[in-house]
Every structure is written in C-alpha cells, then in structure tokens.
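Architecture and fold: a report
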Amino acid sequence: MADWNPALYSRYEDERTRPARELLARVPLATPRWVVDLGCGPGNSTELLVQRFPDARVTGIDNSPAMLESARQRLPGVAFSLADIASWRPEGAPDLIYANAALQWVPGHETLFPRLFALLAPGGVLAVQMPDNLDEPSHRLMRETAAQPRFATAIGDASRVREPRRPITTYYDLLAGDAERVDAWHTVYQHRMDSAAAIVEWVSATGLRPFIDPLDAAQRSDFLADYQGRIAAAYPTRADGRRLLAFPRLFVVAQRPS
C-alpha cells in the first residue's frame, strides 16, 4: 500500500482516540519504566500514554514515515522509530506494549500475540485494541464493490485483502496459558456521521486503503462512487438527519506473572 495520510486519518481523531483511552483505562500498571506504543500512528495514542505515565520512558513504533513525522511534530520529546510490527524486537523488556488499532494489519496472530507477550518484563502488560468490523456493512460492501470485474483485475481476490479476525476466545486462549490474568471484551460504538460521504471519508484513511490503492485515478473515482451508493443504502438517515456507523472493537489486556 501507499504510505498513510496522517491528515485524513486525524479528521476523526476524537472517535479514533476514544477506544485508545478506554483500552488504557484497563491497564493495571501504576509506574511502568518503559512503555511502547506499537503502531503509534500520528501520536494520538502516544499522547495518552505520556499523560498517564509521565515518569516512564515512552517509545512510539510505526512503519509509516508520514505518520512518524506527524507524531514527532506532536510530541517532540518522545522517541519514535520506524519498524515493522511483524519483525519488531525491542532492545530490552518493556513493561507495557500498547497496540491500539494496529495489529489487525499484521498477519499470523497465532504466533504474533504470544511473541509480543513473551517480550514483556515480569509483571508487564500487553494491551491490544482492534477493529472487529469485517462483517459490518462498511467492510462487507468494500469486498462486494471490489469483486466487480472492472475492479477485480487490479485489486485481486477481495476476500484475501485483510487478515481475518479470530473470535475473542481465540485471543484469550493465545495468552491465558502464560498470563497472570487476561481481560477481554467487545464494545460496539455507534458513531454519528453527517452523511454517507463522511462514512466513506472515515474508512478511506484505513480499511478502504487496500482496495483503492491499487486503482488508477479513474478506477478509484468509479469505485468510491459505487461504494458510497451502497453505503448510503446500508446506513439510512436517522431522526436527526445523521447516520449511525456501528463500529465493533475487540480489546485484550494480558499481564505476565511478576
């Protein structure tokens, strides 16, 4: 995929930061020495970590140079590094690995989650939040649009564009055998959106990228017009003239024995 667009991503920063804040609220640590924000994006989640743990060393990790530049401008006192989560290994043992809306982009969860958990210091915490919306109309309609012959040649098999999400019980089992405790839960947010176009703008910064990045300008325009029509039908206007975007998210907080 092309590099991320921090400005587009940040247009819905309040909505994106809410689950990050709620994930952090369930982290059972008082004074960690080293905190890693894995997949830090433009630094909105990193800022929460700095505020919660002012005496900790905080490091942000991302594979997007554009996102890291935005994060450095936001938090000039924090160390940010370019790395791929799939192969990232810290030089020591963090007390907290915090991954908000990042691990859904990384394949091989059956090995990824135990590997990240094993990197922690004794008593350390792995805190993860991932969108769990692949079966929602917003994402189902991406695949349906992409499967049309006029787009399929460029995009490929739409069913394989995204890493499939496992049941929450799978993530629990991946960590519970070696953890002191595991806290796992689902939340379904209902975001008020001004229009169908606003919903398309939201997902254009994230989930829609693997579908539209391979297209040329004309194809991309056609794809977005087709997709927006489907979104308008799937998310009708409510009593106040807005549309509700249901957005399920999966949370897991696991702590190693001390």
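Structure report, in brief. (Residues numbered from 1 in each chain as written. Predicted model: local features only at pLDDT ≥ 70, side-chain atom pairs only at ≥ 80, totals over all residues. Heavy atoms only, no water.)

1. Quick notes on the nonpolar core
Spelled out, the test is: The set of buried Ala, Val, Leu, Ile, Met, Phe, Trp, Tyr and Cys residues whose side-chain atoms join them within 4.5 Å is what this entry labels a nonpolar core. Three labels apply to residues, based on accessible area from a 1.4 Å probe with only protein chains included: buried if under 20% of the type maximum, exposed if over 50%, partly exposed otherwise in between. A run of H or I in DSSP counts as a helix once it spans at least four residues, and a run of E counts as a strand once it spans at least two, with each numbered from the N terminus.
In this structure, Leu 96, Leu 208, Phe 223 and Tyr 227 are the most contacted members of the largest nonpolar core, which totals 47 residues. Examining the composition of this core, we find that six residues originate from one element, helix α9 (residues 196–204), more than from any other. The next biggest cluster of nonpolar side chains, apart from the first, holds 27 residues, and it includes Ile 97, Phe 117, Val 128 and Ala 254.

2. Overview of the packing of α9 against helix α11 (residues 217–234)
What counts here: For helices, the axis comes from a line fit to the C-alpha atoms of the stretch in contact; other axes are also lines fit to C-alpha atoms, and the angle between any two N-to-C directions lies between 0 and 180 degrees. To sort the angles, those under 35 degrees are grouped as roughly parallel, those over 145 as roughly antiparallel, those from 65 to 115 as roughly perpendicular, and the leftovers as oblique. By definition, any crossing whose near helix is turned counterclockwise from its far helix by less than a right angle is left-handed, and any crossing with a clockwise turn is right-handed. The contact criterion used is simple: two residues touch if any of their non-hydrogen atoms lie within 4.5 Å. Residue polarity is assigned by list, with Asp, Glu, Lys and Arg as charged and Ala, Val, Leu, Ile, Met, Phe, Trp, Tyr, Cys and Pro as nonpolar; anything else, Gly included, falls into the polar class.
α11 packs onto α9 with a crossing angle of 120 degrees between their chain directions and a minimal axis gap of 9 Å. Classed by the angle they form, the pair α9 and α11 counts as oblique. Our pair here, α9 against α11, has a crossing hand that is right-handed. Mapping the contact onto sequence places Ala 196, Ala 197, Ile 199, Val 200, Val 203 and Ser 204 in α9 and Leu 224, Tyr 227, Gln 228, Ile 231 and Ala 232 in α11. Among the residues forming the contact of α9 with α11, the class breakdown is nine nonpolar, two polar and no charged.

3. Points about the pattern of salt bridges
Close approach of charged atoms lets side chains of opposite charge pair. Rules: The rule for a salt bridge is simple: a side-chain nitrogen of Lys or Arg has to be within 4 Å of a carboxyl oxygen of Asp or Glu.
For the coordinates displayed, the defined rule picks out 13 salt bridges. Two residues, Asp 194 and Arg 242, come together in a salt bridge whose shortest N-O distance is 3.2 Å. With Asp 194 in the loop between β6 (181–193) and α9 and Arg 242 in the loop between α11 and β7 (243–255), this residue pair connects regions lying 48 residues apart in the sequence. On the basis of relative accessible area, Asp 194 is assigned to the exposed category, the value being 55%. By relative accessible area, which is 29% here, Arg 242 ends up partly exposed.

4. Things to note about unusual backbone geometry
At Ala 101, a position not held by glycine, the phi torsion is positive, near 55 degrees. Looking at where Ala 101 falls in the secondary structure, it is placed in the loop between β4 (96–100) and α5 (109–118).

5. Focus on the sheet that holds strand β1 (residues 34–38)
Filter applied, for reference: Two strands qualify as a pair provided that DSSP identifies no fewer than 2 bridges between them.
Spatially, the seven strands line up as an open sheet ordered β3-β2-β1-β4-β5-β7-β6, and their pairing is mixed. Two strands lie at the open edges of the sheet, namely β3 (79–82) and β6, each paired on one side alone. Averaged over all neighbouring strand pairs, the angle between strand axes comes to 20 degrees, with direction disregarded. Pairing of β1 with strand β2 (residues 57–62) involves five bridges; the strand directions are parallel. Bridge pairing in β2 links Trp 34 to Arg 57. Set on the sheet, α9 makes contact with β6 and β7; between it and β7 the angle comes to about 30 degrees.

6. Considerations on the packing of aromatic side chains
In this description, an aromatic ring pair is defined by two values, namely the gap between the centres and the angle between the planes. Short version of the rule: Under the pairing criterion, centres of Phe, Tyr and Trp rings, with the six-membered ring standing for Trp, must be within 6.5 Å; the plane angle then separates stacked pairs below 30 degrees from edge-to-face pairs above 60, leaving the rest tilted. Each ring is checked for a lysine NZ or an arginine CZ that lies within 6 Å of its centre and within 35 degrees of its normal; such an atom marks a charge sitting over the ring.
Following the criterion strictly, the structure yields five aromatic pairs and no others. Here the aromatic rings of Phe 151 and Phe 223 are separated by 5.1 Å at their centres, their planes lie at 65 degrees, and the arrangement is edge-to-face. With Phe 151 in helix α7 (residues 149–155) and Phe 223 in helix α11, this pair connects stretches of sequence that are 72 residues apart. We note that Phe 151, like Phe 223, is buried. Aromatic ring contacts, followed pair by pair, group Phe 151, Phe 223 and Tyr 227 into a single cluster. In this structure, Arg 26 packs its charged tip against the face of Trp 185, placed 3.8 Å from the ring centre. Its guanidinium or amino end placed over the ring of Phe 247, Arg 249 lies 3.9 Å from that ring's centre, counting from NZ or CZ.

7. Observations regarding the packing of helix α6 (residues 137–146) against α11
One can describe the packing of α6 onto α11 by two numbers: an axis separation of 10 Å at closest approach and a directional angle of 140 degrees. In terms of axis orientation, α6 runs oblique to α11. Considering only the axes of α6 and α11, their crossing is right-handed. Across the interface between the two elements, Pro 137, Ser 138, Leu 141, Met 142, Glu 144, Thr 145 and Ala 146 from α6 touch Phe 223, Asp 226, Tyr 227, Arg 230, Ile 231 and Ala 234 from α11. Of the residues contributing to the contact of α6 with α11, the split by class is eight nonpolar, two polar and three charged.

8. Considering the pairing of β4
In terms of residue burial, β4 counts as a mostly covered element, since five of its five residues are buried. The two faces of β4 match: Leu 96, Tyr 98 and Asn 100 on one face and Ile 97 and Ala 99 on the other face are all buried. Where β1 lies against β4, three bridges are found, and the strand directions are parallel. Its bridge partner being in β4, Val 36 is matched across the sheet by Ile 97.

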